[in-house]
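Structural description and commentary
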Protein chains: 2
Amino acid sequence: MPVNLPPLGELLPVDGIELGAAAAGIRYRGRDDLAVVVLGEGSVVGGVFTTSSYRAAPVIVASERLGKARALVINSGNANAATGERGLADARASTSHLAAKLGVTENEVLPFSTGVIGEFLDVDAMRQGIDAALAARSERGWEAAARAIMTTDTAPKAVSAHGRVQGARIRATGMVKGSGMIRPDMATMLAFLGTDATLSASAARSLAQDLAERSFNRLTIDGDTSTNDSFVVMASGRAGPTIDAPRGEAYAELRELLTPLVVELAERTVRDGEGATKFVTIVVDGGRTAAECLEVAYTIAHSPLVKTAIFAGDPNWGRFCMAIGRANIENLDPDLVNLDLDQVPVARNGLVADDYVEEQAAAVMAKDEFTVRVHLGRGQASETIWTSDLSYEYVRINAEYRS
Amino acid sequence: MPVNLPPLGELLPVDGIELGAAAAGIRYRGRDDLAVVVLGEGSVVGGVFTTSSYRAAPVIVASERLGKARALVINSGNANAATGERGLADARASTSHLAAKLGVTENEVLPFSTGVIGEFLDVDAMRQGIDAALAARSERGWEAAARAIMTTDTAPKAVSAHGRVQGARIRATGMVKGSGMIRPDMATMLAFLGTDATLSASAARSLAQDLAERSFNRLTIDGDTSTNDSFVVMASGRAGPTIDAPRGEAYAELRELLTPLVVELAERTVRDGEGATKFVTIVVDGGRTAAECLEVAYTIAHSPLVKTAIFAGDPNWGRFCMAIGRANIENLDPDLVNLDLDQVPVARNGLVADDYVEEQAAAVMAKDEFTVRVHLGRGQASETIWTSDLSYEYVRINAEYRS
């Protein structure tokens, strides 16, 4: 069960972006598993992709096709990863089919896949799914697409935002699918944000990087990085001033407008993390650099012993110390470290706090959402990430997935 | 249930080393939780300790007292970690009590603790336990001591070896306790090896490092590093030639004699890993350096998705690819990577092997012991580590420990 995952709110259509979904029968039965996104003329796409050495075929193809773009094709159930030359040919075959249907060039169509690694994609099924999804497409297709890209997600995750950039109205809607094999960088497997703002290709690329850095690159579920992680920003160019470069007021306004949207998508991804029963924010401050704050935060978030203590609601704060201690930080002085659970001081200067009452810490950890705050006592840097716990359900899902 | 953990075999007494155990009531009821080891005159102790920034009080004290030594005091149930100045004073108080009883100086007594982090040690209980353990001590006390140092271990783990060094008979017995919060460097929480060989302090220290590098630093259960990990070599100097330095034939002969003993202790630690249902050997070869082989091996071994697939016996080999891909190896070319499960070729040059039959891979992964072999195709280096799976039982143990 996800942790306080909000239901889908109203998803705003974005001018110049149509979405359709269909059941291609790639792996799942009785549900949509393929989505197409059709972009109007003049659209651009920026993106960031997995840092894995094993980049899936669609990641390789899509990352070569950033810039001017007219469509995306996304399937769930099969990641088309570790599939070599044939995988690349399969990814290209899907995009050339969609391109021909739309009368655009193949290089303007980007492929995305998520699901099982190491199996070949059924291209015939993809083609039929593409045809059906194209027939179903509309600017109101965000929810159907968000459902079609799910794998072990328990619910679709999509959010809209609107506001003004240099006085012009701008709309944006984004969707994401998790929900295991989730950590930076990238963190989401697949996330798509569409806006009617007007961006150059380079501005779209920078915007994708800036937004990922503030959202998807700050969450972790199980510390695993997928072969397929992708986040793309699609800009249809139907509204607002032309933003040519990743600087200036208009770029900054758009980035600030979209940041809460991607943070919300990232948080929903954690709330729907595999087997998650808790949503935990980890704040590490007092570090010398952002990098060392993140190192400590991720070491805490990835520790199986911390994650099981969180699952149990056990304020076994020694496990937090253990994790902080094994983070790769040079000359960390444990005698300067403070630890709080929400507002409850747990450790001060490396020792249990004078006024520590275990019942108070237990009450915090019994909640389904709380904040672990670590102060390193050696600088001014601060970072925040989000994570979930390690439950029986995580083991069940991942022991049974594929079976 | 541990994975094919052998029962205790005959434990050889080691001349000049006596052990005693007692129930001090530190945390557990109805079982021994404290051990003393008394070393004859002329004994030396070498050791290696956790790399955690949060070094427990006994680690700090013991690491300052390597060299000539006369006794060890070891307790389970409380790690005396994250306990600051009071923790140091408590560790010293236990050793000074034992030193006074033996008529030796406090600096010749080393403290070791394992258990819950962040709570103060009951020094009165320690003193009473020390008295009782001293009264019970004998050269036949290895098994009782191995039982007393257990925490979540399901069985005591101890092994003996004997052989010749420069023609002289040498004996050794070692014991170890796991069984979560286990990874290099160090990996064991606590391991103790006693031999009647004759070593200088510096040779003992080098021997501890050499042996740890071949055994405890090659295993991982959950990727967590404890605040208390310690491995010490105790040499009573009752047999064999005097080995003054970590070189020469006698040193090499002793190292080779003891290596199988510590490897066996390390393997038993994994077999008794928390919630372990599988014992998995991971071999990574074809790397440019040992370090990159280890990076790949540990990334595989720590991946929750790999560990749950191993638990399920599911030959979802894409998860191995995913883990190899996210290992931090520069310019790794997935198209050169091969993967085998025991003798079954799974992937060749980054792709599923031509003759791959999933039933064969499934048959391997259904076994309770098997080898995952990765060939990186870029060099001559090779490394081997041992790990276990991630089961419901791991979650249960760690969600309930302390409760």
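Residues numbered from 1 in each chain as written. Chains lettered and ligands numbered in written order. Predicted model: local features only at pLDDT ≥ 70, side-chain atom pairs only at ≥ 80, totals over all residues. Heavy atoms only, no water.

1. Quick notes on the overall build of chain A
Rules: Runs of E in the DSSP output that reach at least two residues are strands. Runs of H or I that reach at least four are helices, and both are numbered from the N terminus. Between the two quantities, the radius of gyration covers C-alpha atoms and the globule rule is 2.2 Å times the number of residues to the power 0.38. The contact definition used throughout considers only heavy atoms, calling two residues in contact when any of these lie within 4.5 Å. Shrake-Rupley sampling with a 1.4 Å probe provides the accessible areas, and residues are treated as covered by the protein chains on show and by no other component.
Per the secondary structure count, chain A includes 11 helices and 19 strands. Over its C-alpha trace chain A gives a radius of gyration of 22 Å, about what one expects of a compact globule, namely 22 Å for 403 residues. With the C-alpha coordinates of chain A rotated into their principal frame, the extents come out at 70 × 50 × 35 Å. Within chain A, contacts between residues at least 6 apart in sequence are counted, and of these 81% link residues at least 24 apart. Carbon and sulfur atoms provide 45% of the accessible area of chain A, an area that totals close to 13,400 Å².

2. Thoughts on the interface of chain A and chain B
Rule in force here: Note: buried area is the sum, over both parts, of the accessible area (probe 1.4 Å) each one loses when the two are combined. We count a salt bridge whenever a side-chain nitrogen from Lys or Arg sits within 4 Å of a carboxyl oxygen from Asp or Glu. Whenever a nitrogen or oxygen atom comes within 3.5 Å of another N or O atom, the pair is scored as a polar contact, on the condition that within protein one atom can donate a hydrogen and the other can accept it, and that pairs from neighbouring residues in sequence are kept only if both atoms are in side chains. Amino acid classes used here: Ala, Val, Leu, Ile, Met, Phe, Trp, Tyr, Cys and Pro are nonpolar; Asp, Glu, Lys and Arg are charged; the rest, including Gly, are polar.
With 57 residues of chain A at the interface, the matching set in chain B holds 57 residues. The contact between chain A and chain B buries some 4,500 Å² in all, and 59% of this surface belongs to carbon and sulfur atoms. At the junction of chain A with chain B, the criterion picks out zero salt bridges. Remark: the boundary between chain A and chain B carries zero residue pairs in polar contact (both at pLDDT 80 or more). Elements with a minimum of two residues in the side of chain A that touches chain B: helix H8 (304-312), helix H9 (318-326), strand S17 (351-352) and helix H11 (392-400) of chain A. Residue composition of the side of chain A that touches chain B, grouped by class: 28 nonpolar, 18 polar and 11 charged.

3. Examining the relation of the copies chain A and chain B
Our working rule: A residue counts toward the fit only if its pLDDT is at least 70 in both copies, and the copies are then superposed by least squares on the C-alpha atoms of those residues.
At an RMSD of 0.0 Å, chain A and chain B line up after a rotation of 180 degrees and a shift of 0.0 Å along the axis. What we have between these two chains is a two-fold relation. No C-alpha of chain A approaches the rotation axis more nearly than that of Tyr392(A), which lies at 2.8 Å.

4. Considerations on the pattern of salt bridges
Opposite charge on two side chains permits them to pair, given that their charged atoms come into close proximity. All names here are of chain B. Definition in use: Each residue is placed in one exposure class: buried if its accessible area under a 1.4 Å probe, protein chains only, is under 20% of its type's maximum, exposed if it is over 50%, and partly exposed if it falls in between.
What the rule picks out here adds up to 42 salt bridges over all chains. A salt bridge links Glu-119 to Arg-27; its shortest N-O distance comes to 3.6 Å. You can see Glu-119 sitting in the loop between strand S6 (109-116) and helix H3 (123-135) and its partner Arg-27 sitting in the loop between strand S1 (17-22) and strand S2 (34-39), a full 92 residues away along the chain. A residue is classified by how much of its surface remains accessible, and Arg-27, at 28% relative accessible area, is partly exposed. We note a salt bridge from Arg-147 to Glu-143, for which the minimum N-O separation is 2.9 Å. Of this pair, Arg-147 and Glu-143 both sit in helix H4 (residues 142-148), four residues apart, roughly one helical turn. With a relative accessible area of 41%, Arg-147 lands in the partly exposed category. With relative accessibility at 34%, the residue Glu-143 sits in the partly exposed group.

5. What to know about the sheet that holds strand S4 (residues 67-68) of chain B
Residues and elements named next belong to chain B. Which entries qualify depends on this criterion: By the convention used here, strands pair only if DSSP detects at least 2 bridges between them. Between N-to-C directions, angles cover 0 to 180 degrees, with each direction set by a line fitted to C-alpha atoms, over the stretch in contact for helices.
One open sheet holds the six strands; their spatial order is S4-S3-S12-S9-S8-S7, and the pairing between them is mixed. Taken across any chain shown, the strands that pair with only one partner, and hence form the sheet edges, are S4 and strand S7 (157-165). Lying on the sheet, helix H5 (residues 201-214) is in contact with strand S3 (44-49), S4, strand S9 (190-195) and strand S12 (230-235); it crosses S3 at an angle near 40 degrees. With respect to the sheet, helix H6 (residues 249-271) is in contact with S7, strand S8 (168-177), S9 and S12, its orientation differing from that of S7 by roughly 165 degrees.

6. Thoughts on the side chain of Asp33(B)
All names here are of chain B. Filter applied, for reference: Positive charge is attributed to Lys and Arg, negative charge to Asp and Glu, and no charge count is given to His or to the chain ends.
On the secondary structure map, Asp-33 appears in the loop between S1 and S2. Arg-29 provides the closest opposite charge to the buried, unpaired Asp-33, separated from it by 6.3 Å. In terms of polar contacts, Asp-33 uses its side chain to reach the backbone amide nitrogen of Gly-25, at 3.1 Å. Separated by 2.8 Å, the side chain of Asp-33 and the backbone nitrogen of Ile-26 make a polar contact.

7. A few points about the packing of aromatic side chains
Residues and elements named next belong to chain A. Here is the rule we go by: Ring geometry is summarised as follows: Phe, Tyr and Trp rings, the Trp one being its six-membered ring, pair when their centres sit within 6.5 Å, and such pairs are stacked at plane angles under 30 degrees, edge-to-face over 60 and tilted between the two. The rule is short: NZ of Lys or CZ of Arg within 6 Å of the ring centre and within 35 degrees of the ring normal puts a charge over the ring.
Summed over all chains, the structure comprises six aromatic pairs over all chains. Between Phe-311 and Tyr-392 the ring centres are 5.4 Å apart and the planes differ by 85 degrees, which places this aromatic pair in the edge-to-face class. Of this pair, Phe-311 sits in helix H8 while Tyr-392 is found in helix H11, placing the two residues 81 residues apart along the sequence. Note that Arg-31 overlies the ring of Tyr-28, its terminal NZ or CZ placed 4.2 Å from the centroid. A cation over an aromatic ring shows up here: Arg-271 above the ring of Phe-279, its NZ or CZ 4.0 Å from the ring centre.

8. Some remarks on the state of the cysteines
Residues and elements named next belong to chain B. The cut-off we apply is this: Disulfide assignment relies on a single distance test, namely cysteine sulfur atoms paired within 2.5 Å.
The tally for this structure, following the rule as stated, stands at zero disulfides over all chains. Unpaired in terms of disulfides, Cys-293 finds its nearest cysteine sulfur in Cys-321, a separation of 17 Å. A relative accessible area of 0% means that Cys-293 is categorised as buried. Residue classification places Cys-321 among the buried residues on the basis of a relative accessible area of 2%.

9. Brief notes about the pairing of S3(B)
Residues and elements named next belong to chain B. Of all six residues that make up S3, six are buried, and the element is covered over most of its length. Residues Val-44, Gly-46 and Val-48 point to one face of S3 and Val-45, Gly-47 and Phe-49 to the other, with burial holding for every one of them. Bridge analysis of S3 against S12 gives six bridges, and the strand direction is antiparallel. Bridging across to S12, Gly-47 finds its partner in Val-232.

10. Brief notes about unusual backbone geometry
With phi around 55 degrees, Asn349(A) is a residue other than glycine that occupies positive phi space. What makes Asn349(A) partly exposed here is its relative accessible area of 46%. Positive phi, close to 55 degrees, is recorded for Asn331(B), a residue that is not glycine. Within the secondary structure layout, Asn331(B) lies in the loop between helix H9 (318-326) and strand S15 (338-341). Asn331(B) gets classed as exposed once you look at its relative accessible area, which sits at 62%.

11. Section: the side chain of Arg268(A)
Residue and element names in this part refer to chain A. Position of Arg-268 among the secondary structure elements: in helix H6 (residues 249-271). Judged by its relative accessible area of 8%, Arg-268 falls in the buried class. Here Glu-264 takes part through its side chain, which lies 2.8 Å from a polar atom of the side chain of Arg-268.

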